[in-house]
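# Results of the structural survey
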Amino acid sequence: MIKCVVWDLDNTLLSGVYLEAAGEPPAADPAILAVAAELGRRGIIHALASKNPPEAAAYAAHATGLDFAATECGWGRKSDAVRRIVADLGLAADAVAFVDDDPYQRAEVSFALPEVLVLAPADMTDAVTWPEFSPAVVTAEARRRGEMYAQRRRRQQEAREFAGSRQDFLRYCSTKVTISPAEAGDLPRLHELAVRTHQFNSSGKAVSEEQLRLLIGSPAHRVVAVRLSDRFGDDGLVGAAVVDRGEPGTWTVTLLMMSCRAIGRGVIEALLGWLCRAASGGGADQIAVPCVIGARNVPLRLALAAAGLRAAEGEPAPSEAGGPERAAGGPGPQEAGAARRAVFRRPLAGPGAGPLPEPPGWVAAPAEP
Amino acid sequence: MTGGDGRAVVDEVRAILAAVTGQPELLGVGPETPLFGPGIGLDSLAGTLLLREVDARFGVDVAAEDLNLDALATVGTLAAFIGARADGS
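Attention in this report is confined to the structure presented alongside it. Bear in mind the structure is a predicted one, so any value in this text is a computation, not a measurement.

## So, helix 12 (residues 267-281) of chain A
Residue and element names in this part refer to chain A. For helix 12, with 15 residues, the first-to-last C-alpha span of 21 Å sits near the 21 Å given by 1.5 Å per residue. Within helix 12, 13 of the 15 residues are buried, which leaves the element mostly enclosed by the surrounding structure. Within two residues after helix 12, Gly283 carries a phi angle of roughly 90 degrees, on the positive side.

## With respect to the pattern of salt bridges
Residues and elements named next belong to chain A. Evaluated as defined, the whole model comprises 24 salt bridges over all chains. Across the pair Arg155 and Asp235 runs a salt bridge whose closest N-O atoms are separated by 3.9 Å. Of this pair, Arg155 sits in helix 8 (residues 145-161) while Asp235 sits in strand 8 (residues 233-244), and the two are 80 residues apart along the sequence. Given the relative accessible area of 9%, Arg155 is considered buried. On the accessibility criterion, Asp235 (2% relative accessible area) is buried.

## Things to note about the sheet that holds strand 1 (residues 4-7) of chain A
Residues and elements named next belong to chain A. The parallel open sheet is built from five strands, whose spatial order is 3-2-1-4-5. Edge positions in the sheet fall to strand 3 (68-73) and strand 5 (117-119), since each has one partner strand and no second. Across the sheet, the mean angle from the axis of one strand to that of its neighbour is 20 degrees, orientation sign disregarded. As paired strands, strand 2 (residues 45-50) and strand 3 are joined by five bridges and run parallel to one another. Its bridge partner being in strand 3, Ala47 is matched across the sheet by Ala70. Sheet strands touched by helix 3 (residues 55-64): strand 2 and strand 3. Its angle to strand 3, the strand with the most contacts, is close to 140 degrees.

## Here we look at the sheet that holds strand 6 (residues 176-181) of chain A
Strand pairs in the sheet, formed through backbone hydrogen bonds, run parallel or antiparallel to each other. Residues and elements named next belong to chain A. Pairing in this open sheet of seven strands is mixed, and the strands run 6-7-8-9-10-12-11 from one edge to the other. Every interior strand has two partners, whereas the edge strands, strand 6 and strand 11 (310-311), have only one. Its contacts with the sheet place helix 10 (residues 187-196) against strand 7 (221-230), strand 8 and strand 9 (250-258), and it is angled at close to 80 degrees to strand 8.

## Regarding unusual backbone geometry
Even without a glycine there, the phi angle at Asn11 of chain A is positive, about 60 degrees. Its place among the elements puts Asn11 of chain A in helix 1 (residues 9-13). Owing to a relative accessible area of 38%, Asn11 of chain A belongs among the partly exposed residues under this scheme. With a phi angle near 55 degrees, Leu69 of chain B is a residue other than glycine that sits in the positive phi range. Turning to its location among the elements, Leu69 of chain B is positioned in the loop between helix 3 (62-65) and helix 4 (75-88). In this structure Leu69 of chain B comes out as buried when scored by relative accessible area, which is 2%.

Scoring rules and cut-offs
- Residues numbered from 1 in each chain as written.
- Chains lettered and ligands numbered in written order.
- Predicted model: local features only at pLDDT ≥ 70, side-chain atom pairs only at ≥ 80, totals over all residues.
- Heavy atoms only, no water.
- Helix = DSSP H or I, 4+ residues; strand = E, 2+ residues; numbered from the N terminus.
- Expected span 1.5 Å × (residues − 1).
- Buried < 20%, exposed > 50% of the residue type's maximum accessible area, 1.4 Å probe, protein only.
- Salt bridge = Lys/Arg side-chain N within 4 Å of Asp/Glu carboxyl O.
- Pairing = 2+ DSSP bridges.
- Axes fitted to C-alpha atoms, helices over the stretch in contact; angles between N-to-C directions.
- Contact = heavy atoms within 4.5 Å.

This is the structure in structure tokens:
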């Protein structure tokens, strides 16, 4: 599934060459603009990679009316520009398409970044019908994704110009994290998160909307939704946790997930702290998080380690006993065969439990469970 | 590993920490300083950048070798973990 299209400017987004114009630079190409706007409505974000001076980025935004999540204007290799965009936006290369009219640039990007889907502008009217560009679910969060990335750029811009430390900046942002029981109206977005999240996803498997619906209604489970906002805007529903309370004394978090857009803003820390306090308040003496172990979700393992959760080497992770699959009456659609798994645990009381993890001081903490 | 190498790795770990957290004062922290919790307060963003930089500079993939990321207990434990592996290669 493509999450971001990196556009060339000259003879791709524009019907002409920016620097060759005698007066006003050329206007946007109407056919490409229609495609880009449609992709934006589906929650696919835009980025710009152009061999032009930096001011071309502002002109591109003005001429097309698109919100660019990232822009790279300069004279270096296009593959380096795409690589920086991929890193900056926290995306996987296989979630990115690159569109350029110049066959040389397309070949260069294809060669350097084989995972990237490389297309010519003429392909795009057809490509909008391809499954890669057709997400099954388009939520309110997805439709606003371009706008939220624009907020993110303003936040990063101000962060660079901010005089104090990163902590001071985050405090200035007035970050607010809200945690509440998930409701039926949250299901499309929860499902979208279950499908799209990788860096912060404990299960590593897709969970269907129907499975999530059953979990929300299940008395043995608790599903919480996490929302994020700050002075730059409202990010909406960015994370969730599914808790199984079936085992006495233990809260088992069968699914922990967060949008990578929320990284570095205290959300996963606030959620883990909340879960520990809620479990403790609910009479549990330990919290357990079965987790797939892979290169992609190292950020989640960092958050688990910071919250004091530890896995015993070699302890086999019970294959989803009590997890979403059981509640839904069958195995998940993407049963990961040989994926390495471990159960991260933390005592909540008694010697060795230590103080429960706290969200960072600059987060307006969610209400106590 | 010699003491000199160990100090060099500690210095580099401090430099990476200062860069990924944007806190230059971390250049002066002691090797016993915990990375998580109050003090440095390494979050998942800074931690991810730290691990990526350690892999790039020393060729040591901490996350692949250390399930619980115990190497990230303190500045010193991370430097020792790196020193033990970077030496052997």
